[in-house]
Amino acid sequence: MDLSPDSGARDAGPPVPVPAVGLAERLRGGVSFRRDQLGFLQWAARTHGDIVRFRLFGIPMIMLNHPDHIYRVLVEQRTKYDKDALLYRLVRPVLRDGLIGNPGGELWQRQRRLMQPSFRPVIVAKFAENMTDETTAMLERWERQYAPGAVVNVHEEFGELALRIVNRSLFSARVGRAARDFAEAFTEANALLGRFFKFPFPPLTVPTPAHRRLRRAIDRMDAFVASFVQRRTADPGDEVDLLTLLMNAVDEDGDGRGMEPEQLHHEVLNLVVGAYETTTNALSWIFYLLAAHPEVERKLHEEADAVLGGRVPRFEDMARTPYARSVVEETLRLYSPAWQFMRRARTEDRIGGFHIPARSNIYLNSYVLHRHPQLWDDPESFDPGRFSPERSAGRPRHAYMPFGGGERICIGQHFALTELHLVLLTLVRRHRFRLPPGQPPVRPQPLITLHPEGGVPLEVHPR
């Protein structure tokens, strides 16, 4: 796909400084990162192009918004970059040395080797029934609890569903009070960290009232994970779930040992956080967009009816329902829950002819990238057809990155896509969704994840 000449790779001649957003320019533009994070980032990309430097409360950031630039950082020169960047230092008090925020190096490489086999598609397929069973149970409860056409906050419902699926797949457990306490604790931690990212002062080590609330929320999440790990350690039982796979995984290409107990705790917490929060938000955005675009929903119904004939979907039905997959992909383009990534330049580099100083914070934002007008036709529109094979041909690989990219692409990508696809099919075969009259648009709230502000109230109608 042809991009503007000044945004492509320019490696001839001496490197030049990355163009910067100055304070006077910000004031003239009337934009503020703290007041409108999404608006500021889009304005910076429109104003300066595909590589731009700005200061976030004194910390210099270089935002990349070109597939070639992103490829260089995540793939071509990945050894020059690590995750010891502001965003991951921010979440490290919660996620510690788990895969999500681990800076990189030997520990990360060992953990990735150890865990990757448990997330291959053939293993994920074994958990597909958990996803459809729990979704079916939710629908049966809806039929008892809600009258036809009732307004339901689907964000809350999908949060409960995501918890049920991750608990059953990870721990062979059903959701109870402890899981709901985990969800409440994470919601509070996400909001506190999101606010801190906009104004990172004072440091989290300073015991302000907000930081003490964050510490208590982390302790509650830790207690939830510890209870399952300790129970399984004391009585392994005969369950075959993700926790069993991780507890028995060994580093066959390294020292032949498994995970230390503390590291196992960190990884399990990372999995619960990732599977709960991102799935809740993605499902909420999917059905919000379907409710706002009934013509897309009708096409989805036609595909589901033709393939399923009214039965519960199975893992193998995913290959036979490409339009449903496109709905998921298009939603993740517009509202990727994991909407921002960072890297730190370990050494100096050159990207597209620009000089990247050592220790620079490199900022990658899929919300901005997925709206690049030279990569996506009519980028603000909801158009699942853009992910058809014909229209996807020739699209640069790193123009679309809802799960990151390179060797650190999200380990749970297959699990997440399977879950979203099967939950979508299970729901649309029996229900349709509509926006309540007079309901204002749902705005994205840029916390650590991209959250639908105020929830997603929708009318739920039986088909």
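Residues numbered from 1 in each chain as written. Predicted model: local features only at pLDDT ≥ 70, side-chain atom pairs only at ≥ 80, totals over all residues. Heavy atoms only, no water.

Q: I'm lost on the side chain of Arg-429 in this one. Help?
A: By secondary structure assignment, the location of Arg-429 is in the loop between helix 17 (413–428) and strand 10 (431–434). Notably, Arg-429 is buried but unbridged: the nearest opposite-charge side chain belongs to Glu-140, and the N-O separation is 7.3 Å. Beyond its immediate sequence surroundings of up to four residues, Arg-429 is in contact with Thr-136, Leu-308, Gly-310, Arg-311, Val-312, Pro-313 and Arg-463. (Helix = DSSP H or I, 4+ residues; strand = E, 2+ residues; numbered from the N terminus. Buried < 20%, exposed > 50% of the residue type's maximum accessible area, 1.4 Å probe, protein only. Lys, Arg positive; Asp, Glu negative; His and termini not counted. Salt bridge = Lys/Arg side-chain N within 4 Å of Asp/Glu carboxyl O. Contact = heavy atoms within 4.5 Å.)

Q: Before we go on, may I ask you to explain the packing of helix 4 (residues 86–95) against helix 9 (residues 177–198) in this structure?
A: Between two packed helices, what matters for the description is the angle formed by their axes and the separation of those axes. Viewed as axis vectors pointing N to C, helix 4 and helix 9 meet at an angle of 150°, and their least axial separation amounts to 11 Å. Of the possible angle classes, the one that applies to helix 4 and helix 9 is roughly antiparallel. In this structure, helix 4 crosses over helix 9, and the sense of that crossing is right-handed. Contacts between helix 4 and helix 9 involve Leu-86, Leu-87, Leu-90, Val-91 and Val-94 from the first element and Leu-193, Phe-196 and Phe-197 from the second. When the residues that make up the contact of helix 4 with helix 9 are grouped by side-chain class, the tally is eight nonpolar, no polar and no charged. (Axes fitted to C-alpha atoms, helices over the stretch in contact; angles between N-to-C directions. Parallel < 35°, antiparallel > 145°, perpendicular 65-115°, else oblique. Left-handed = near helix turned anticlockwise from the far one by under 90°. Nonpolar A, V, L, I, M, F, W, Y, C, P; charged D, E, K, R; others polar.)

Q: How should I be thinking about the sheet that holds strand 10 in this particular structure?
A: Strand pairing in a sheet relies on backbone hydrogen bonds, with the paired strands running either antiparallel or parallel. Judged by pairing direction, the sheet is antiparallel, and its three strands sit side by side in the order 5-13-10 without closing on themselves. Sheet topology places strand 5 (151–153) and strand 10 at the edges, where each strand pairs with a single neighbour. The mean angle between the axes of side-by-side strands here comes to 45°, regardless of whether they run parallel or antiparallel. Where strand 5 and strand 13 (residues 457–462) come together, three bridges link them in antiparallel fashion. Looking across to strand 13, one finds that Asn-153 is bridged to Pro-457. Strand contacts of helix 8 (residues 154–171): strand 5, strand 10 and strand 13, with the helix running at about 50° to strand 5, the strand carrying the most contacts. (Pairing = 2+ DSSP bridges.)

Q: So what exactly am I meant to see when it comes to the sheet that holds strand 4 (residues 81–82) here?
A: Spatially, 2-3-9-6-4 is the arrangement adopted by the five strands of the open sheet, whose pairing is mixed. Two strands lie at the open edges of the sheet, namely strand 2 (51–56) and strand 4, each paired on one side alone. The sheet contact formed by strand 3 (residues 59–64) and strand 9 (residues 361–365) spans four bridges and is parallel. Looking at the pairing, Met-61 lines up with Asn-361 of strand 9. In this fold helix 2 (residues 37–48) packs onto strand 2, strand 3, strand 6 (340–345) and strand 9, with an angle of close to 140° to the strand it touches most, strand 2. On the sheet, helix 4 packs against strand 2, strand 3, strand 6 and strand 9 and is oriented at approximately 110° with respect to strand 6.

Q: Hey, could you run me through empty space enclosed by the protein in this one?
A: Think of a ball as big as a water molecule: rolled over the atoms, this probe shows where empty space is left. Evaluation of the coordinates by the stated rule reveals one cavity of 30 Å³ or more. By volume, the largest cavity amounts to about 1,000 Å³. Taken together, 50 residues form the lining of the largest cavity, with Ile-100, Gly-274, Thr-278, Ala-338 and Cys-410 sitting closest to its centre. For the lining of the largest cavity, the elements supplying multiple residues, two or more each, are helix 4, helix 5 (106–115), helix 8, helix 9, helix 12 (261–292), strand 6 and helix 17. (1 Å grid on protein atoms, 1.4 Å probe; cavity = no way out; pocket = protein on both sides within 12 Å on 5 of 7 lines; lining within 4 Å. Points joined across faces, edges and corners; volume = space filled by probe spheres on them.)

Q: What's the story with the confidence of the model for the chain in this structure? I'm lost.
A: Do not read the predicted coordinates in detail wherever pLDDT is low. Counting all residues, the mean pLDDT for the chain is 93, and 97% of those residues have values of 70 or more. Contacts for the low-pLDDT stretch residues 4–9, under 50 throughout, to residues beyond four places or in other chains number 10 contacts. (pLDDT = per-residue confidence, 0-100.)

Q: How do you make sense of the nonpolar core when you look at a structure like this?
A: Soluble, globular proteins show a tendency: their nonpolar side chains are buried together. Core analysis: the largest hydrophobic core is formed by 147 residues, its most contacted members being Met-221, Phe-287 and Leu-424. Sort the elements by how many residues they give to this core and helix 12 lands first, with 17 residues. Among all residues touching Phe-287, those that are not within four sequence positions of it are Phe-158, Leu-424, Leu-427, Val-428, Phe-433 and Leu-458. (Core = buried A, V, L, I, M, F, W, Y, C linked by side-chain atoms within 4.5 Å.)

Q: Would you mind going over the environment of Pro-462 with me for this structure?
A: You can see Pro-462 is positioned in strand 13. In this structure the C-alpha to C-alpha distance between Pro-462 and Glu-143, which are 319 residues apart in sequence, comes to 8.8 Å. For Pro-462, the contacting residues outside a window of four places in its chain are Pro-148, Arg-430, His-431 and Arg-432.

Q: In this structure, what is going on with a nonpolar patch on the surface? I would like to understand it.
A: A cluster of nonpolar side chains, contributed by Phe-57, Phe-199 and Phe-201, occupies part of the molecular surface with about 310 Å² of accessible area. Tracing the backbone through its elements, the reader meets Phe-201 in the loop between helix 9 and helix 10 (209–234). Look at Phe-201 and you get exposed, because its relative accessible area is 57%. (Patch = residues over 30% accessible without salt bridge, like charges linked within 9 Å, V, L, I, M, F, W, Y side chains within 5 Å. Areas by Shrake-Rupley, 256 points an atom, 1.4 Å probe, with all protein chains shown as cover.)

Q: Help me understand the pattern of salt bridges in this model?
A: The tally for this structure, following the rule as stated, stands at 38 salt bridges. Between Glu-407 and Arg-78 there is a salt bridge, with the nearest N and O atoms lying 3.4 Å from each other. One end of the pair, Glu-407, is in the loop between helix 16 (389–392) and helix 17; the other, Arg-78, is in the loop between helix 3 (67–76) and strand 4, with 329 residues separating them in the sequence. For Glu-407, a relative accessible area of 40% translates into the label partly exposed. We note a salt bridge from Glu-260 to Arg-257, for which the minimum N-O separation is 3.1 Å. Residue class for Arg-257 comes out partly exposed when judged on its relative accessible area of 45%. One network of salt bridges, in which partners are shared, links Arg-110, Arg-113, Asp-251, Asp-255, Arg-257 and Glu-260.

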